[in-house]
Amino acid sequence: MNEILQIGEGNLLRAFSEYYIQLAADNGNFSGSVNICQPRKNTSVINALKEQNCKYSVLLKGKLSGKTVNEASLINHSNTER
């Protein structure tokens, strides 16, 4: 099993890097988890993630190759640490 240590719990990290990690997992190219380590004292985001078992959605909206994209993807491979 592979594990990734992600330092930081911000929206950019979760919506960008973890989205691609989830795609890799969904396609059978990654079997592991992302361990999120919060570097700051404010625990509101990490506590919210824990309450929802580290599952959340990433919304993709825009244009891709001339077609409108409007989809939600479930991210469900993360763990949280403090």
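Please refer to the structure placed before this passage.
Rules and cut-offs
- Residues numbered from 1 in each chain as written.
- Predicted model: local features only at pLDDT ≥ 70, side-chain atom pairs only at ≥ 80, totals over all residues.
- Heavy atoms only, no water.
- Pairing = 2+ DSSP bridges.
- Helix = DSSP H or I, 4+ residues; strand = E, 2+ residues; numbered from the N terminus.
- Salt bridge = Lys/Arg side-chain N within 4 Å of Asp/Glu carboxyl O.
- Expected span 1.5 Å × (residues − 1).
- Bend = angle between axes of the 7 residues up to and from the residue.
- Buried < 20%, exposed > 50% of the residue type's maximum accessible area, 1.4 Å probe, protein only.

Draft legend 1. Representation of the pairing of strand S3 (residues 56-64). Two strands pair when backbone bridges link them, and S3 and strand S4 (residues 67-75) are joined in this way by nine bridges, in the antiparallel orientation. Across the sheet, Val 58 pairs through a bridge with Ser 73, a residue of S4. Linking two consecutive strands that pair antiparallel, namely S3 and S4, is a turn of two residues; a positive phi of about 55 degrees is found at Ser 65 within it.

Draft legend 2. Fine view of the pattern of salt bridges. All told, the structure shown has one salt bridge when counted by the stated rule. For the salt bridge of Glu 9 with Arg 40, the shortest nitrogen-to-oxygen distance reads 2.4 Å. Within this pair, whereas Glu 9 is found in the loop between strand S1 (2-7) and helix H1 (11-26), its partner Arg 40 is found in the loop between strand S2 (32-37) and helix H2 (44-51), the two being separated by 31 residues in sequence.

Draft legend 3. Local environment of H1. Here H1 is 16 residues long and its end C-alpha atoms lie 21 Å apart, about the 22 Å a rise of 1.5 Å per residue gives. Where H1 bends most, at Glu 18, the angle is about 30 degrees. Residues Arg 14, Glu 18, Tyr 19, Ile 21 and Gln 22 constitute the buried set of H1. At the C-terminal side of H1, Gly 28 shows a positive phi close to 80 degrees.

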